[in-house]
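Single-letter residue listing:
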Amino acid sequence: MAFWFLLVLGIATYLVVQRSVANITKTPVWLLWLVLMTPAFILTGWTLIKGATQSPPPGLIIIPLVVCLILYWTLFLWGNKTPTNSSQNQTTEPKPTDNPVPEALPVRPIQPEEERDLRDCFPWSVYYVQNIEYRPQAIICRGQLRTNPSQAYQQIRNNIEQKFSNRFLLIFQEGMDGKPFFILVPNNKANQRNAGNSINDKNQVIKALTLLLLTLVTTSFIGAQISGIEVKTIASDMTLIFNGLPYSLCLITILGIHELGHYSTARFHKIKSTLPFFIPVPWFLGTFGAFIQMRSPIPNRKALFDVSIAGPIAGFIATLPLILWGLANSEVVPINEETGLLNPNALNPRYSILLAILSKLALGNELTSQSALDLHPVAVAGLLGLIVTALNLMPVGQLDGGHIVHAMFGQRMAINIGRISRWLLLLLALIRQEFLLWAIILFLMPLIDEPALNDVTELDNTRDFLGLMAITLLLLIVLPLPTFLARILQI
């Protein structure tokens, strides 16, 4: 039980840390993950030494938790700090013989004589500019929007490109007062040539295939252990690793299709991104998951929504047939004191509405109110697929769910939804301790994600409906089976 708890908790923690803070701090992801997992390691060690019947002292829970949270935040800030000029921390009086140095003027992205050209890019009937603010690396244009946001952004972007070529990226964002404003940011990649792209593409393919093959080996090794073969036995006969292929292939399929959903949708919207890269490890689940990297800005909220929701939906669709087959081939066992959500040898399907429904569909009358499940390796992979889907759909920060609610309701409302979601998950963690560390991680995760270039134009009704269905799917996976539904299903 302890091993499986750490197994699922560890991959969930790593995925959250990787997706939330990997791009905003230089501190290694593995170090942040290790700090967050330390309290779980300590409690697991206590359980293994003292047994599950003896409760750990409160100090063993509170002290490591507080220390690790402070250490996590310190490491995060240490990696996030920007270099400062040491001269700012020293005060020296100039010598009388020193020549006076004129004070440096702030850098302007455009020359003063170009301001008229800039104003001409904003027709009064489209967006009436009232104020232009110059920053060292940005120009902020505030005014009144007088037409459809999508049409305004498209027309003004075309005007900017005609006047300034590809010198700037144009961002359209909502202000705190509810009024949209434009930001012109220097396009640092404007002068980069496409020469060598084919070489980079070939390197990407080689890297992706190499990582995929390594992940196939590591997950097969773990899968063989899940099927009941000990490590010593596998080491003496490496052919036994093939017994782990059902688990390995299913898990790789689920994670791969999830990332391919992101990748293909990004390509559809002409957003540059890398191929999916797997992260192989010879322990844990055999992998820390897979990821892609966006290498160009997201053009609008529709594209942000499509790219974000495509991964969880694709991964969930791939999970369904696998988990149904795995559940149908799992063994029904009596409920015992070790039964829980994270114990595949005695899993209680009633801890999740969706898992209970799928178990009933797969096993029929074999599953009763006194039954637990000894999961087939394919069902273990399917269960992990549901957990990964739920984790990514959490509507917080840079997770897929955070991007989805950002695209649906705007950045300001998404921040408020993220705050509420944090507290709701914490309340759920008081009932089901499996969610405690996840709740803590969500509180450490930044609520603000990167806006799209056109972050004002709203979604259509179809996308809003799909977004609500995604949130419903999250609730079906996370919430336990209510009593009235259990009576209907007779489980």
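The model shown is predicted, which means the values in this text are computed figures rather than measured ones.

Novice: For this particular structure, what's the right way to read helix 9 (residues 301-328)?
Specialist: The α-helix winds at 3.6 residues per turn, so residues separated by three or four positions along the chain end up facing the same way. Its 28 residues place the ends of helix 9 41 Å apart at the C-alpha level, agreeing with the 40 Å of an ideal helix rising 1.5 Å per residue. One side-chain oxygen at the N-terminal end of helix 9 lies 3.2 Å from the backbone nitrogen of Lys 302; it belongs to Asn 300.

Novice: Hey, could you run me through the side chain of Asn 348 in this one?
Specialist: When you line up the elements, Asn 348 lands in the loop between strand 7 (331-334) and helix 10 (353-363). Look at Asn 348 and you get buried, because its relative accessible area is 10%. In this structure the side chain of Asn 348 is engaged in a polar contact, spanning 3.1 Å, whose partner is the backbone nitrogen of Arg 350.

Novice: Would you mind going over the pattern of salt bridges with me for this structure?
Specialist: Oppositely charged side chains can form a pair if their charged atoms are brought close together. Following the criterion strictly, the structure yields six salt bridges and no others. The salt bridge involving Asp 306 is made with Arg 463; its shortest N-O contact spans 2.8 Å. A residue pair is termed long-range when its members are at least 10 positions apart, and Asp 306 in helix 9 and Arg 463 in helix 15 (residues 461-478) qualify at 157 residues. Its relative accessible area of 18% is what places Arg 463 among the buried residues.

Novice: Quick question: what am I supposed to make of the pairing of strand 3 (residues 168-174) here?
Specialist: Residues in a regular strand point their side chains to alternate faces of the sheet. Counting buried residues in strand 3 gives five out of seven residues, a clear majority hidden from the surface. Across seven bridges, the pairing between strand 3 and strand 4 (residues 180-186) is antiparallel. Counterpart to Ile 171 in the pairing with strand 4 is Ile 183. The antiparallel hairpin formed by strand 3 and strand 4 contains five residues in its connecting segment, where Gly 178 sits at a positive phi of about 90°.

Novice: I would appreciate a short explanation of a nonpolar patch on the surface in the present structure.
Specialist: On the surface, Phe 409, Met 413, Phe 465, Leu 466, Leu 468 and Met 469 cluster together into a nonpolar patch covering about 560 Å² of accessible area. Per element, the largest residue contribution to the nonpolar patch is four residues, and it comes from helix 15. By secondary structure assignment, the location of Met 469 is in helix 15.

Thresholds, definitions, all that
Residues numbered from 1 in each chain as written. Predicted model: local features only at pLDDT ≥ 70, side-chain atom pairs only at ≥ 80, totals over all residues. Heavy atoms only, no water. Helix = DSSP H or I, 4+ residues; strand = E, 2+ residues; numbered from the N terminus. Expected span 1.5 Å × (residues − 1). Polar contact = N/O pair within 3.5 Å; in protein donor to acceptor, adjacent residues only side chain to side chain. Buried < 20%, exposed > 50% of the residue type's maximum accessible area, 1.4 Å probe, protein only. Salt bridge = Lys/Arg side-chain N within 4 Å of Asp/Glu carboxyl O. Pairing = 2+ DSSP bridges. Patch = residues over 30% accessible without salt bridge, like charges linked within 9 Å, V, L, I, M, F, W, Y side chains within 5 Å. Areas by Shrake-Rupley, 256 points an atom, 1.4 Å probe, with all protein chains shown as cover.

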